[in-house]
Every structure is written in C-alpha cells, then in structure tokens.
Amino acid sequence: MNSRKLGLTDLYLTEVGFGAWAIGGGDWSFGWGPQNDEEAVAAMRRAFELGVNWIDTAAIYGLGHSEELVAKAFEGHRDEIIIATKCSQVWDDKGLISSRLTADSVRRECEASLKRLNTDYIDLYQIHWPTDDEHIEEGWKTIARLIEDGKVRCGGVSNFNIFQLARAQKVHPIASLQPPYSMLRRKVEDAEFVYCRQNDIGIIAYSPMQSGLLTGKFDMKRVARNDWRRKSNEFKEPNLHINQEFAGRLWNIALKYDKTPAQLAIAWTLRLDFVTAAIVGARRPSQIEETVGGAGWRIDKSDLRLIDELLEERNKKIKVAGGYIP
Ligand SMILES: NC(=O)c1ccc[n+]([C@@H]2O[C@H](COP(=O)([O-])OP(=O)(O)OC[C@H]3O[C@@H](n4cnc5c(N)ncnc54)[C@H](OP(=O)(O)O)[C@@H]3O)[C@@H](O)[C@H]2O)c1
C-alpha cells in the first residue's frame, strides 16, 4: 500500500490506517454496541496482513479496552506497527468522562496507555480534545517532555481549530492534526488545512466514511441501542434518509472504477496530497478487506465535480448537524 510522510516526522504512514474506536465495544458513553474481541483482534491482524502499517486508538475507547486489544493483536510484532494513541479524555470509577490536560494527568495517562499497550514507547501521542482549554499549553509541553524522555516518538493533536493549533505550535512543533474529514464534514478545509500545509503538519483524517454512513450499505436496524450513533444528528431523521440517499447515489460513481462507495469515500479524502492518511474504522476482517481498496487510486476531476454537485443538493436538504462525535 502507498505510504505518505507524516509532516516533519520520519514516520511513513500507509494511506489507510486502522481506526480502533469501534472495537472498544459498547459499555461506555460513546461505545458502538456489542463487539466481539476475537473479531476485533482478527480485524487488526488482517489489516496488518493487507499492508496497513498503523493503528489509531485512544485511552478512552472502551475505557482502555481498545488499547488492550491493540496490544493483543500485535504481540511479538511491536516494532512492525506504528501505534497512535490519545490522551485528555479521562474517566472516573463510574465511567464519567471529563477532559484534563494538566501535566500530572497527561503523564499518568501516558503511563497507563504504555501499560495497556504493553510497550515502552508510543509512536504518535495525541491530545484527543482541546476542551480543557486552560491547560492546552501545559498538556502539550508535557507531551514534548515525554518525547525527550523517549516514551513518545512524535506528538499530535486532534479536533484543534486554527487558534489552538497556533497556541500549541508556539510551544513545540506539531507532527499531526487529526480532524474529522469526510464528504459530509469539510469545515477544516477552510482554515486548519491551510495552517497545516504552511507549517508542514501532517493530516490524518478521521471518520472518512462518516462512521459507516457513506458505505452505501448502512442500515440503522443493525445499530445497537447503546451505539453512540443513535445520538448523532447525522444518524437521526430526517438527516439519516438524506444521507443514505446521498450515499446510495455514490454507487454509480464508484462502480465506474470497480469500487464501492466506502472505497470512494476514503479515496475522496486522499485526493489531497497534503492529507497524509485516512483513519478507517472496522469491526471485523471483512470490513477492512473492502476498505483497504480506498487507497492507491485517484478519482477523476469530472467525478469530483459530480460529487460536489450531489453534495450541494444534499446540503440544501440537511438539518444543521449538532451531534457530538468524540
Ligand atoms: N480524534 C477523534 O476525536 C476521533 C473521532 C472519531 C474517529 N476517530 C478515529 O477515526 C477512526 C475511524 O472513524 P469512525 O470509526 O468514526 O468512522 P469510519 O471509519 O468512517 O467508519 C467506520 C465504521 O463503518 C462501518 N464499516 C466499516 N467498514 C465497512 C464496510 N466495509 N462495509 C460496511 N460498513 C463498514 C463499521 O461500523 P458498523 O459495521 O457498526 O456500521 C465501522 O465501525 C476511529 O476508529 C478513530 O480511530 C477519531
């Protein structure tokens, strides 16, 4: 699979990375419903066999469970896989989540992640959310110290706007921004992408298939009661139908290339050379077997225009999204 250099770092990421949020399971505020651990491990190993060289997880995914599964999947192969994880979202005994970026909290989180991941270094350590605004500089400085200590190779941020990026960049160079980016979520194109290009910050796009909506196969009947998607505006009526109609119309374009809408949606995020990679979530091997086909090909300009036209139609109908995606 093609790789792209991550910003100023010496890391080369394959165009598709494995997103390990959903495999964290269902038993927390932003879970995806029941998830079989064996299938989750098999999905990550299959991704690796298919050439995917990196995994994106977070301490908060499954309240530590996703990181434990990553460790299980790559036991004995640690140095062959690039592991990206995240801090800032902490939870208490009752599973209540809050944001914390104080130095002691970030250090504590890093030690806990290293333990769960069964490793002595993290390749890319990211601030998950900038919501503890007061402590952004302190948290980021702590990640810079963790790099000096050899516990972390590179530091990145996620969900930062341009002002927050500028604040962090003053303290220590940012390796990567992890923003939401899909056909349905293009807000970062205006300012954050420009800033990243100017400062050689890598971009790793999350939810490229809008958490399953853009696969052209999404069916709400399969979604568990405790799946976070039930709380998201994109997945609620009338938006759900509008989005599904849009995804259904992608089939015609995808089939021209012998591809599926899921693969088209991923290739669409990768059409920009300065987007380093797409983080693609999967819950079982068959899903990643399909979605690795999002890498390594280009959508013609005429079809990109057609997608824009379809999006314009969709955007006129949609109700403004107010859903929260962690
Ligand atoms: N930094 C952040 O705040 C943040 C936020 C969101 C995501 N992320 C990262 O980005 C990764 C990817 O995002 P995401 O998981 O939200 O969205 P995504 O990659 O757009 O969609 C993944 C979901 O789509 C469905 N799917 C995957 N392959 C499929 C296939 N071949 N056919 C049909 N359905 C398929 C699966 O859900 P079902 O089978 O259940 O439908 C899967 O969990 C996450 O795992 C996480 O690492 C980060």
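The structure under discussion appears in the preceding block.
Now for a look at the structure at hand. (Residues numbered from 1 in each chain as written. Predicted model: local features only at pLDDT ≥ 70, side-chain atom pairs only at ≥ 80, totals over all residues. Heavy atoms only, no water.)

## Some details on the overall build of the protein chain
Right, so step 1: Scanning the protein chain from N- to C-terminus turns up 10 helices and 12 strands.
Right, so step 2: Its C-alpha atoms give the protein chain a radius of gyration of 19 Å, near enough to 20 Å, the size a compact globule of 326 residues would have.
Right, so step 3: For the protein chain, the spread of C-alpha atoms along the principal axes amounts to about 50 × 40 × 35 Å.
Right, so step 4: When burial is assessed residue by residue, the protein chain has 59% of its 326 residues classed as buried.
Right, so step 5: A separation of at least 24 residues holds for 77% of the contacts in the protein chain among residues at least 6 apart in sequence.
Right, so step 6: Working note: accessible area of the protein chain is about 14000 Å², and carbon and sulfur atoms make up 49% of it.
Right, so step 7: Each charge class in the protein chain can be summarised by its mean position, and for the 44 positive and 46 negative side chains these summaries are 4 Å apart. (Helix = DSSP H or I, 4+ residues; strand = E, 2+ residues; numbered from the N terminus. Rg over C-alpha atoms; globule rule 2.2 N^0.38 Å. Buried < 20%, exposed > 50% of the residue type's maximum accessible area, 1.4 Å probe, protein only. Contact = heavy atoms within 4.5 Å. Areas by Shrake-Rupley, 256 points an atom, 1.4 Å probe, with all protein chains shown as cover. Lys, Arg positive; Asp, Glu negative; His and termini not counted. Charge placed at Lys NZ, Arg CZ, Asp CG, Glu CD.)

## Considerations on the pairing of strand S9 (residues 152-158)
Right, so step 1: Here S9 lies mainly inside the structure; six of its seven residues are buried.
Right, so step 2: Here five bridges tie strand S8 (residues 122-127) to S9, and the two strands are oriented parallel to one another. By the bridge assignment, Gln126 is partnered in S9 with Gly156.
Right, so step 3: Read as a crossover between parallel neighbours, the route from S8 over helix H4 (residues 136-148) to S9 is right-handed.
Right, so step 4: As defined by bridge partners, S9 adjoins strand S10 (residues 176-178) across three bridges and the pair is classed as parallel. Within the sheet, the bridge partner assigned to Val157 lies in S10 and is Leu177.
Right, so step 5: Regarding the hand of the β-α-β motif, the stretch spanning S9, helix H5 (residues 162-171) and S10 is right-handed. (Pairing = 2+ DSSP bridges. Right-handed = clockwise from strand over helix to strand, strands pointing away.)

## Here's the deal with the side chain of Thr142
Right, so step 1: Checked against the element boundaries, Thr142 lands in helix H4.
Right, so step 2: Residue classification places Thr142 among the buried positions, given a relative accessible area of 6%.
Right, so step 3: For Thr142, the contacting residues outside a window of four places in its chain are Ala103, Val106 and Arg107.

## Side note on the state of the cysteines
Right, so step 1: Scanning the model with the defined rule gives zero disulfides in all.
Right, so step 2: In this model Cys87 remains outside any disulfide bridge; the closest cysteine sulfur is found in Cys110, 7.9 Å from its own.
Right, so step 3: On the accessibility criterion, Cys87 (1% relative accessible area) is buried.
Right, so step 4: Cys154 takes part in no disulfide bond, and the closest cysteine sulfur, belonging to Cys110, lies 13 Å away.
Right, so step 5: Overall, the relative accessible area of 8% leaves Cys154 in the buried class. (Disulfide = S-S within 2.5 Å.)

## Quick word on the sheet that holds S8
Picture the strands of a sheet paired through backbone hydrogen bonds; they go either parallel or antiparallel.
Right, so step 1: Strand order in the closed barrel formed by eight strands is S3-S4-S5-S8-S9-S10-S11-S12, and the pairing between neighbours is parallel. With strand direction ignored, the average angle separating the axes of adjacent strands in the sheet is 30°.
Right, so step 2: Those strands touched by helix H3 (residues 103-117) are strand S5 (82-87), S8 and S9, and its axis lies near 140° from that of S8. (Axes fitted to C-alpha atoms, helices over the stretch in contact; angles between N-to-C directions.)

## Examining the pairing of strand S12 (residues 277-281)
Strand residues, when the strand is regular, have side chains that alternate between the two faces of the sheet.
Right, so step 1: Buried residues dominate S12, accounting for four of its five residues.
Right, so step 2: Note that strand S11 (residues 202-206) and S12 share three bridges and pair parallel. Within S12, the position partnered with Tyr206 by the bridge is Ile279.

## Concerning helix H7 (residues 239-256)
Right, so step 1: Between its terminal C-alpha atoms H7 stretches 27 Å, which fits the 26 Å expected from 18 residues at 1.5 Å a residue.
Right, so step 2: For H7, the complete set of buried residues consists of Asn239, Leu240, Ile242, Asn243, Phe246, Ala247, Leu250, Ile253 and Ala254.
Right, so step 3: Buried positions along H7 lie against helix H8 (261-269) and helix H10 (301-317).
Right, so step 4: Asp258 sits one or two residues past H7 and shows a positive phi near 60°. (Expected span 1.5 Å × (residues − 1).)

## Focus on H10
Note: α-helices contain 3.6 residues per turn, so residues at a spacing of three or four share the same orientation.
Right, so step 1: A rise of 1.5 Å per residue sets the reference length of H10, with its 17 residues, at 24 Å; its end C-alpha atoms lie 25 Å apart and thus fit the reference within 8%.
Right, so step 2: Among all positions in H10, only Asp303, Leu304, Ile307, Leu310, Leu311 and Arg314 are buried. Taken down its axis, H10 places every buried residue within 120° of arc, on the same side. Across H10 from its buried face, at more than 90 degrees, point the exposed residues Lys301, Arg305, Glu312 and Lys316.
Right, so step 3: Next to the buried residues of H10 lie H7 and H8. (Arc of directions from axis to C-beta.)

## Remarks on the environment of Pro179
Right, so step 1: Relative to the helices and strands, Pro179 is located in the loop between S10 and helix H6 (192-198).
Right, so step 2: For Pro179, a relative accessible area of 1% gives the class buried.
Right, so step 3: Measuring from C-alpha to C-alpha, the distance between Pro179 and Asp133 comes to 17 Å, with 46 residues separating the pair along the chain.
Right, so step 4: Excluding its chain neighbours within four sequence positions, the residues that come into contact with Pro179 are Val188, Phe193, Ile203, Ile204, Ala205 and Tyr206.

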